[in-house]
Amino acid sequence: EKFEEERLKISKEKETAAAERAEAQRKAEEADAARIKAEKDAKMLETLMSEQKSMQEKWMEEHRMQTEETLEKSIAEEKSKIDATLADAKAKEEARLAEEQKRLVDAQLEQRLAEMRILEIEADRIRAEKEAERLEQRFSEEKSALSAKLSEAERARSDDETRLVEEKTKVAALISEAEMKLTMQLEKFEEERLKISKEKETAAAERAEAQRKAEEADAARIKAEKDAKVLEIMLSEQKLKQEKWMEEQKLLSKETLEKRIAEEKSKIDAVMAEAKAREEARLAEEQKRLVEVQLEQRLAAEKSKLDAEIAAVEEKIRRELELLESRKSMKEEAATAVKEEAENENEEELDISPPATAPPLEEEELALPDEALGNIEDLPKLSSTTSDVLTADVEALELISMCQADFDSTYSTDVSSSAESCLLPTDYPFVSLLRDSSPYIVNHRHSTIVYHIPGDLISDGEKFNSVMDDIALTWLFGMKIVLCVGCRTQVSQRLNKLEGKPTKLKSGMRITTDTALRVLEEEAGFGRFEVERQLNRCLRSKGANCNVVSGCFITAKKYGVVDGVDYQYTGYPKTLQTDRINRFISRGDVVLLTPLGFTEDGEALNIKSEQLAGFTAGALKASKVVYFSTKPLVMRGSNNSRDANANQRIQMIQRSNALQILSHHGLKIHGKTGFPHWSSPTAAARTPKVQSYLLKMGWATDALDKGVERAHIIACDDGA
């Protein structure tokens, strides 16, 4: 029974040992599964790393391509901007110099852009290679660490397997030995029992050892799982770091690209500025030389003109002197005859007989006195003083001295008798006139003056010829002339005949219909022809060679509906081709403008000629704008004795005074369109003369606001 109990115990222990072996086997299998899982995780990690590396390479390639595209776009934009700048410079500068400069700048730009692109691509390649090397090194380090961990786990697993096999063999040997001892030697039960007890102890120790090893395998598995989690966390962190690095790299590349583009742009701007400065300096030098040449030519032309004028003046003076000498000789003959008659009558009483022969004249008596020479010292020298109209007897001529107007008492106390023995010096008023006008000629030489020629002046032939002579004279003095010709009087007369009633103006402005526009076009052509004809006549008569140029210099715009009134084809000047006009007047031509402007669509509009004159003067920054008036008005001070200008004629006012006068009369000129706005119907319903005068003052003030120095409203009479 004891043996059976022992056998049962041994069988139970065998079963327990078998269960423990199965448990150890299971744990070993779990360890193998954990190892296999760890290997799979390692392979997956390696796969993820390879995929991450391929994605990194792909992103780097895309980033490089995107950087190249961005660089190409930026370069294209900069090139387009530079091309636009070069196009503007080409339009402003001369054609040949602009083309050479553009070719030079384009070559430099293409070379610099190519160098910049090569440097950028090389930098991106070096940066990508460095990044790939760094990532590969990091991946190799992580792979080596993971391989070390996997080798350690493999060694632990192999040790566990070896120990389990040894335990297996030991247990099998013990069990076989026990069975043999139990079957063969029952008598040795006690020994066997002792051995079994020892074996039990050994088995317990082995079980404990197996359990410890199983726990170690569990710990290794848990550690492998933790390592896998740590690796997963590291991978996620690495991925986040990689994304962050990629974003930072992208921003850094963008900033670097923008910085390089800005640097290249600043370099290109500096090169352009330097080239422009050199070109401007060269152009300024060429312009200076051209101006000097033109100035020399103009001085030579003016010198020749002045020589011709001086010769004409000398000829005129010579003829006047010859005429005066002939008149003087005639007067002397008459005086001599009267004197002879008186002497014949009183010969016995006075006992005065002329000498039979006149004493010879000394050379000193032929010289003029110093007082007379002082009055004619600035006269040009006469080439010849021979008179062609001398009809008196040469043998009866007398040479007498010239005396002053306040006669000396030594000559005679009788004025009548002294007048017979001396002649007063001839007065030459043009000498003082030329002397007094010389400062004005110097001040206004090469200045621009805009003249307004009203239509009613063209109808007055005498005044019109006089004004054209004066304008031609200002051109001879070196002034640049622009004429604005009006034809309001002619248009009104034609429309009155056509419509059978006088035309009315609204606020001083004409409502231009189709019929009125047709008449205006015809009369504007007639007025232009008349001004060209008379001005050419005046200039040619003075020996001047000048052209009168007219054309389409004005772009106009319709007023449309203003204060409920449709002005139809009446408009205002919008732009003026100042460059063309300055080019014409700088070479000595006279520019003529008519009251016709054209819209951008080619439609003709009626422009108030007075408004056109003020607008043209302001656009050209003229020195003066002059309005001629055939029916002038005069400003006179009030009757108030406290007024400094009481009952006095006022000929000059300031701009502020003009604004006060316009405000008092209720007139305001629109700053942009130049349209006259009257504050009330009463202010607008003034007489045509007053209304025309106020409108001229308003547009003259507007011209002053635009940079004109002075404005004049003068009569067409001589001396005005």
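Treat the numbers as computed from the prediction; the structure is a model and nothing was measured.

Let us now look at the packing of helix H10 (residues 488-499) against helix H11 (residues 514-541). The geometry of H10 relative to H11 is characterised by a closest axis approach of 9 Å and an angle of 135 degrees between their N-to-C directions. Comparing the axis directions of H10 and H11 gives the class oblique. Once H10 is placed against H11, the crossing between them reads as right-handed. Between H10, through Gln490, Val491, Arg494, Leu495 and Leu498, and H11, the contact on the second element is made entirely by Thr515, Ala516, Val519, Leu520, Glu522 and Glu523.

Next up on the list: the pattern of salt bridges. All told, the structure shown has 20 salt bridges when counted by the stated rule. A salt bridge links Arg26 to Glu23; its shortest N-O distance comes to 1.9 Å. Here the residue Arg26 and the residue Glu23 both occupy positions in helix H1 (residues 2-92), the gap between them amounting to 3 residues, near one helical turn. Given a relative accessible area of 35%, Arg26 falls into the partly exposed group. Overall, Glu23 belongs to the partly exposed group, its relative accessible area being 31%.

With that out of the way, let us pick up empty space enclosed by the protein. For the structure shown, the criterion picks out 5 cavities of 30 Å³ or more. Considered as a void within the structure, the largest cavity measures approximately 180 Å³ in volume. Along the walls of the largest cavity sit 16 residues, with Arg488, Arg510, Asn606, Ile607 and Lys608 positioned nearest its centre. Counting only elements with at least two residues in the lining of the largest cavity, the list comes to H10, H11 and strand S10 (604-607). Here the lining of the largest cavity is built from residues that sort into 7 nonpolar, 6 polar and 3 charged. Its volume calculated, the second largest cavity comes out at about 70 Å³.

Right, let's get into the sheet that holds strand S1 (residues 448-453). The strands making up a sheet associate through hydrogen bonds between their backbones, and the pairing can be parallel or antiparallel. Strand order in the open sheet made by the 6 strands is S3-S8-S2-S1-S11-S16, with parallel pairing throughout. Of all the strands in the sheet, just strand S3 (548-550) and strand S16 (710-715) have a single pairing partner and so form its edges. The sheet shows a mean angle of 25 degrees between the axes of neighbouring strands, taken without regard to direction. When strand S11 (residues 624-629) meets S16, the two strands line up parallel, connected through 6 bridges. For Tyr627, the partnering residue across the bridge sits in S16 and is Ile713.

Scanning the entire structure with this criterion turns up 6 aromatic pairs. On the basis of an interplanar angle of 40 degrees and a centroid distance of 5.3 Å, the ring pair of Tyr559 and Tyr572 is categorised as tilted. Within this pair, whereas Tyr559 is found in the loop between strand S4 (554-558) and strand S5 (561-562), its partner Tyr572 is found in strand S7 (residues 570-576), the two being separated by 13 residues in sequence. Residue Tyr572 is classed as buried on the basis of its relative accessible area, which comes to 7%. Since its relative accessible area comes to 11%, Tyr559 is described here as buried. Ring pairs connect the aromatic residues Tyr559, Tyr567, Tyr572 and Phe675, which therefore count as one cluster.

The end-to-end C-alpha distance of helix H13 (residues 609-620) is 16 Å, a good match for the 16 Å that 12 residues give at a rise of 1.5 Å each. Burial analysis of H13 places 11 of its 12 residues in the buried class, the great majority of the element. Among all positions of H13, only Ser609, Glu610, Gln611, Leu612, Ala613, Gly614, Phe615, Thr616, Ala617, Gly618 and Leu620 are buried. Where H13 ends, the next residue or the one after it, Lys621, has phi of about 55 degrees, a positive value.

Below, the discussion takes up the environment of Glu131. Inspection of the secondary structure assignment puts Glu131 in helix H2 (residues 95-184). When the C-alpha atoms of Glu131 and Gln56 are compared, they prove to be 9.5 Å apart, with 75 residues separating the residues in sequence.

Attention now moves to the side chain of Ser609. Among the secondary structure elements, Ser609 is positioned in helix H13. The class for Ser609 is buried, based on a relative accessible area of 5%. A distance of 3.3 Å separates polar atoms of two side chains, one belonging to Ser609 and the other to Glu610.

Turning to H10, a few remarks are in order. Relative to the 16 Å expected for 12 residues at 1.5 Å per residue, H10 spans 16 Å between its end C-alpha atoms, a close match to the ideal helical length. Those residues of H10 that sit buried are Gln490, Val491, Ser492 and Leu495. Residues of H10 that are buried sit in contact with helix H8 (455-459) and H11. Where H10 ends, the next residue or the one after it, Gly500, has phi of about 75 degrees, a positive value.

On to the pairing of strand S2 (residues 480-485), then. Across the 6 residues that make up S2, a large majority, 5, are buried. Relative to S2, S1 runs parallel, the two being bridged by 6 bridges. Considered in S2, the bridge of Val450 is made with Val482. Two strands pair when backbone bridges link them, and S2 and strand S8 (residues 590-593) are joined in this way by 3 bridges, in the parallel orientation. Bridge pairing in S8 places Leu483 opposite Leu592.

Now for the confidence of the model for the protein. Averaged over the protein, the pLDDT score is 78; the fraction of residues at 70 or greater is 83%. Between residues 346-391, whose pLDDT stays under 50, and residues either more than four places distant or in other chains, the model counts 39 contacts. Low confidence marks residues 404-424, where pLDDT is under 50. Its contacts with residues over four positions away, or in another chain, come to 27 contacts.

Positioned with a positive phi, His446 is a non-glycine residue whose angle comes to about 65 degrees. Inspection of the secondary structure assignment puts His446 in the loop between helix H7 (429-444) and S1. His446 sits in the partly exposed class, given a relative accessible area of 35%. In this structure, Gln568 takes a positive phi of about 55 degrees despite not being glycine.

Cut-offs used in this document
- Counting restarts for each chain: residues are numbered from 1 in the order of the written sequence.
- This being a predicted model, a pLDDT of at least 70 is required before a residue's local features are given, and a value of 80 or more before pairs of side-chain atoms are given or counted; all residues contribute to the totals for chains, interfaces and linings.
- Each side-chain value is derived from all of the structure's non-hydrogen atoms; neither hydrogens nor water enter the calculation.
- Interaxial angles span 0 to 180 degrees and are taken between N-to-C directions of axes, which are lines fitted to C-alpha atoms, for helices over the stretch in contact.
- Secondary structure elements follow DSSP: runs of H or I no shorter than four residues count as helices, runs of E no shorter than two count as strands, and numbering proceeds from the N terminus.
- Each angle gets one of four labels, with under 35 degrees taken as roughly parallel, over 145 as roughly antiparallel, 65 to 115 as roughly perpendicular, and the rest as oblique.
- In this scheme the crossing of two helices becomes right-handed for a clockwise turn of the near helix relative to the far one and left-handed for an anticlockwise turn of less than a right angle.
- Every residue pair with non-hydrogen atoms within 4.5 Å of one another is taken to be in contact.
- Salt bridges are counted wherever a side-chain nitrogen of Lys or Arg sits within 4 Å of a carboxyl oxygen of Asp or Glu.
- Exposure is judged per residue with a 1.4 Å probe applied to protein chains only, and the accessible area is read against the type maximum: over 50% gives exposed, under 20% gives buried, and values in between give partly exposed.
- Only protein atoms enter the 1 Å grid used here. Points where a 1.4 Å probe fits but cannot escape make up a cavity, open sets with protein on both sides within 12 Å along at least five of seven lines make up a pocket, and a residue lines them when an atom lies within 4 Å of a point.
- Grid points are joined across faces, edges and corners, and a volume is the space filled by probe spheres set on the points.
- As a working rule, the residues Ala, Val, Leu, Ile, Met, Phe, Trp, Tyr, Cys and Pro are called nonpolar, Asp, Glu, Lys and Arg charged, and the rest polar, with Gly in that last group.
- At least two bridges found by DSSP between two strands are what make those strands a pair.
- Only centres within 6.5 Å qualify two rings of Phe, Tyr or Trp (six-membered ring in Trp) as a pair; their planes then separate them into stacked at under 30 degrees, edge-to-face at over 60, and tilted for everything else.
- In a helix, the anticipated span is given by 1.5 Å times the number of residues less one.
- In protein, a polar contact requires one atom able to donate a hydrogen and another able to accept it; more generally it is a pair of N or O atoms within 3.5 Å, and residues adjacent in sequence count only if both atoms are side-chain atoms.
- Within a predicted model, pLDDT stands for the predictor's per-residue confidence, ranging from 0 to 100.

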